[in-house]
Amino acid sequence: MIRVTGAWTGLLADWLDQQQLEAESLRLELDRWSDQDNVPVEVWRRLLAQGLALRPEQPAPELAVGACVTPSHVGVLGYLVLATDTLGEAMLAYQRYETLFYGTSLAQIDVGEEDAEIRWPPSDNELGQQADGVAIAALVTFLRRQIDEPPPPSAISFLHSVDADSAEAYEAFFGCPVTWQDSHVRVRFPLRYLDLPMPRRDPTLRRLLDRQARAMLQALPQSSEADRRMQRVVLRMLSDGEPTLAKVARAMHMSPRTLQRRLSRHGLSWQQWLDRSREQLAHQYLEDPSLTLADVALLLGYSEQSAFNRAYKRWTGRSPGRDRRQSLIG
């Protein structure tokens, strides 16, 4: 069953701010849902339709809602994207962890000779055109902000249709042909775009990345450039599970013995450094209200929240839930 997160409904609240719309009753309801992990699709469709109806003179205002996207609206996915090096890796990260966002995994990626496509099939509990428009506008906007002089997609498709003025607004927004009443929602890129580097030009993502870097530096003070390279490798590997000494050494093109010798200069074993890194990152993540405790566990490489809870208590003597509450109050 598809759902969205409370953080995602913040897109509509931010759009209301941008449009300087009062909409007091709508804002109250958005606020009630804002901290929920699960917002039913029918609720999101209703809230979105109510908000967009306040701007009937604008063709396809859902695109402007999607363009308000920031990492706070996508939670853990924002962190996962900033850990990728290329547009292709970012698309794979989205596919792998889409279930955190929609509650189920729908996206399919197909790589052909000239194009790569990410697509979503119709479902029994589909979002509808307005919500689909928000989602694809947000996805393309999010990726655009990470790339220098971002190229447009080569094609986009939707399940439903819109009026002529809205169709024109869609093509202007995406900068590519848009097809209607297709069998899937699709976003297609020329294959060569998948190797485009992700320089993380979005200022909010830049701040998140800087916070991650500071957390890692606290785990290993007086780091050399080689140490910082190791930290970046571990950050990328954490969301895929336990980053072992052998895996990290292989990614750095060195032997495990050489990597362990590098750590021993700091008086640390591999496990000691990994635990310290996770603890420092955990403190940072717990301060972000868009991340649930389950999200934090995933970002730190734990398959279950209970394993993260035990590790955090071992590091600090406290539960992560207690520190989360204190950080949000403070």
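Residues numbered from 1 in each chain as written. Predicted model: local features only at pLDDT ≥ 70, side-chain atom pairs only at ≥ 80, totals over all residues. Heavy atoms only, no water.

## What about the overall build of the chain?
Helix and strand counts for the chain stand at 17 helices and seven strands. In terms of overall dimensions, the chain has C-alpha extents of about 65 × 50 × 35 Å along its principal axes. The buried share of the chain, taken over its 330 residues, is 52%. Within the chain, contacts between residues separated by at least 24 positions form 68% of all contacts whose residues are at least 6 apart in sequence. On the chain, the mean spot of the 38 positive side-chain charges and the mean spot of the 43 negative ones are 12 Å from each other. (Helix = DSSP H or I, 4+ residues; strand = E, 2+ residues; numbered from the N terminus. Buried < 20%, exposed > 50% of the residue type's maximum accessible area, 1.4 Å probe, protein only. Contact = heavy atoms within 4.5 Å. Lys, Arg positive; Asp, Glu negative; His and termini not counted. Charge placed at Lys NZ, Arg CZ, Asp CG, Glu CD.)

## Details of the nonpolar core
Judged by nonpolar contacts, the single largest core of 105 residues is most densely connected at Trp-8, Trp-120, Phe-174 and Trp-273. Take this core: its biggest share by element is 10 residues, from helix H8 (residues 129-144). Not counting the four nearest positions on each side in its chain, Trp-273 is found in contact with Met-216, Ala-219, Leu-220, Met-230, Gln-231, Val-234, Leu-263 and Leu-268. (Core = buried A, V, L, I, M, F, W, Y, C linked by side-chain atoms within 4.5 Å.)

## Side note on the pairing of strand E3 (residues 108-111)
Here E3 pairs with strand E4 (residues 115-120) via four bridges, running antiparallel. The residue of E4 that forms the bridge with Val-111 is Ala-116. Joining the antiparallel neighbours E3 and E4 is a turn of three residues. (Pairing = 2+ DSSP bridges.)

## Considerations on the packing of helix H11 (residues 225-238) against helix H14 (residues 270-286)
Contact geometry for H11 and H14: axes closest at 12 Å, N-to-C directions at 70°. By the angle class used here, H11 and H14 are roughly perpendicular. Seen from above, H11 lies across H14 with right-handed handedness. The residues of H14 that touch H11, namely those facing Met-230, Gln-231, Val-234, Leu-235 and Leu-238, are Trp-270, Trp-273, Leu-274, Arg-278, Leu-281 and Tyr-285. Looking at the contact of H11 with H14, its residues break down into nine nonpolar, one polar and one charged. (Axes fitted to C-alpha atoms, helices over the stretch in contact; angles between N-to-C directions. Parallel < 35°, antiparallel > 145°, perpendicular 65-115°, else oblique. Left-handed = near helix turned anticlockwise from the far one by under 90°. Nonpolar A, V, L, I, M, F, W, Y, C, P; charged D, E, K, R; others polar.)

## A short note on the pattern of salt bridges
Scanning all chains against the criterion turns up 10 salt bridges. Asp-17 is the partner of Arg-27 in a salt bridge, and the nearest nitrogen-oxygen pair spans 2.8 Å. Here Asp-17 lies in helix H1 (residues 6-18) and Arg-27 lies in helix H2 (residues 24-33), a separation of 10 residues in the sequence. Under the relative-accessibility criterion, Arg-27 is labelled partly exposed at 26%. Its salt-bridge partner being Arg-188, residue Glu-117 comes within 2.6 Å of it at the nearest N-O pair. (Salt bridge = Lys/Arg side-chain N within 4 Å of Asp/Glu carboxyl O.)

## Considerations on the environment of Val-187
Within the secondary structure, Val-187 sits in strand E7 (residues 185-190). Residue classification places Val-187 among the buried positions, given a relative accessible area of 0%. Sequence-wise, Val-187 and Ile-136 are 51 residues apart; in three dimensions their C-alpha atoms are separated by 8.0 Å. Setting aside anything within four residues of it in sequence, one finds Val-187 in contact with Ala-116, Glu-117, Ile-118, Trp-120, Ile-136, Leu-139, Val-140, Pro-153, Ala-155 and Ile-156.

## Topic: the sheet that holds E3
Across the sheet, which stays open at both edges, the five strands sit in the order E3-E4-E7-E5-E6 with mixed pairing between neighbours. Only two strands of the sheet have a single neighbouring strand rather than two, namely E3 and strand E6 (178-179).

## Some thoughts on H8
End to end, H8 covers 22 Å across 16 residues, agreeing with the expected 22 Å (1.5 Å per residue, within 8%). Of all 16 residues in H8, 14 are buried, a share of seventy percent or more. (Expected span 1.5 Å × (residues − 1).)

## Quick notes on the side chain of Glu-29
With respect to the secondary-structure elements, Glu-29 resides in helix H2. The exposure class assigned to Glu-29 is buried, which follows from its relative accessible area of 15%. Glu-29 has contacts with Arg-46 and Leu-47, leaving out every residue within four places of it along the chain.

## Examining the packing of aromatic side chains
Using the criterion set out here, one finds 10 aromatic pairs in the structure. Ring centres of Tyr-170 and Trp-180 lie 5.0 Å apart, and the angle between their planes is 85°; on these two criteria the pair is classed as edge-to-face. Of this pair, Tyr-170 sits in helix H9 (residues 164-174) while Trp-180 sits in the loop between E6 and E7; the two residues are 10 residues apart in sequence, bridging distant segments of the chain. Across this residue pair, the class does not change: Tyr-170 and Trp-180 are buried. A ring pair is formed by Phe-308 and Tyr-312, whose centres lie 5.8 Å apart and whose planes are at 65°; its orientation type is edge-to-face. Placement of the pair is Phe-308 and Tyr-312 together in helix H16 (residues 305-316), with a separation of four residues, close to one helical turn. The class of Tyr-312 is buried, set by a relative accessible area of 0%. Just above the ring of Phe-173 sits the side chain of Arg-144; from NZ or CZ to the centre is 5.5 Å. Sitting over the ring of Tyr-302, Arg-278 keeps its end group 4.2 Å from the ring centre. (Phe/Tyr/Trp six-rings, centres within 6.5 Å; stacked < 30°, edge-to-face > 60°. Lys NZ or Arg CZ within 6 Å of the ring centre and 35° of its normal.)

## Thoughts on a negative patch on the surface
A cluster of acidic residues, Asp-163, Asp-165, Glu-168 and Glu-171, forms a negative patch at the surface. Its location among the elements puts Asp-165 in helix H9. (Patch = residues over 30% accessible without salt bridge, like charges linked within 9 Å, V, L, I, M, F, W, Y side chains within 5 Å. Areas by Shrake-Rupley, 256 points an atom, 1.4 Å probe, with all protein chains shown as cover.)

## Describing the environment of Pro-40
When you line up the elements, Pro-40 lands in strand E2 (residues 39-40). When the C-alpha atoms of Pro-40 and Met-1 are compared, they prove to be 8.8 Å apart, with 39 residues separating the residues in sequence.

Shape is all these values report; function is a separate question.
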